[in-house]
Every structure is written in C-alpha cells, then in structure tokens.
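# Inside the fold
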Amino acid sequence: MEIQMTPYEAVMIAEGVQPAEYEEQVTAWQLLVNTGLAWSLQGWFGRQASYFIEQGIIKDPRNSE
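Every chain's residues receive numbers from 1 upward, in the order its sequence appears when written. Only residues with pLDDT of at least 70 get local features here, since the model is predicted, and only at 80 or more are side-chain atom pairs given and counted; chain-wide, interface and lining totals rely on the full set of residues. The side-chain numbers reported here are obtained from all heavy atoms of the structure, hydrogens and water having been left aside.

### Focus on the overall build of the chain
Broken down by element type, the chain carries four helices and zero strands. Radius of gyration: over C-alpha atoms. The globule rule applied is 2.2 Å multiplied by the number of residues raised to the 0.38 power. For 65 residues, the compact-globule estimate of 2.2 N^0.38 gives 11 Å, and the C-alpha radius of gyration of the chain, at 11 Å, lies within 12% of that figure. Across its three principal axes, the chain shows a C-alpha extent of roughly 30 × 30 × 20 Å. Categorising residues by exposure relies on relative accessible area from a 1.4 Å probe, with only protein chains included: less than 20% of the type maximum marks a residue as buried, more than 50% marks it as exposed, and the intermediate range marks it as partly exposed. Buried residues in the chain amount to 28% of all 65 residues. Accessible surface, the chain as shown: approximately 4600 Å² in total, 50% of it carbon and sulfur. Each helix corresponds to a stretch of at least 4 residues labelled H or I by DSSP, and each strand to a stretch of at least 2 residues labelled E; elements are numbered beginning at the N terminus. Accessible surface area values rest on a Shrake-Rupley calculation with a 1.4 Å probe, where residue burial reflects the displayed protein chains alone.

Encoded structure:
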C-alpha cells in the first residue's frame, strides 16, 4: 500500500509533531528529498536526509542507479 501525504504532513512527521509509524516516517523523508524540501528547509533537515540516504533508508533521486 502506497502512503499518500502532502509536503506539509511530511514536515510535521519529520519534526515529530505528527505521530507516525516507521513506514510513514520513511515516506515523509523520501517525499522531502524527492521534492527538494529537505535541502531548502533549515539545515537539520538536509543533514538528517543525508544520513538516511547514507544508511540506505531512503534513496537520493539525484543518483541514477
């Protein structure tokens, strides 16, 4: 099942304001990376997104694998 969410919901989940299951958290971070929001919001988002990419939790769409 694919989880649908808005960028706003993704930010709220990433910040921990909106409770979410693990799959929803991963979806939220992937959305933030896919839309570029992870790199345009405050620095913590980009650092956290980079960590998740390095750990293989989410994918970097800029890399064509």
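On we go.
### What about the nonpolar core?
Within soluble globular proteins, side chains that are nonpolar generally end up buried alongside one another. In these notes, a set of buried Ala, Val, Leu, Ile, Met, Phe, Trp, Tyr and Cys residues joined through side-chain atoms within 4.5 Å is what counts as a nonpolar core. Core analysis: the largest hydrophobic core is formed by 15 residues, its most contacted members being Trp29, Leu32 and Phe45. Those elements giving two or more residues to this core turn out to be helix 1 (7-14), helix 2 (22-35) and helix 4 (43-54). Here this core gets five residues from one element, more than from any other, and that element is helix 1.

### Brief notes about the side chain of Gln30
Structurally, Gln30 is set in helix 2. Residue contacts follow a heavy-atom distance rule, with two residues in contact if any of their heavy atoms lie within 4.5 Å. Sequence-distant contacts of Gln30, that is, excluding residues within four places in its chain, are made with Ile58, Lys59 and Pro61.

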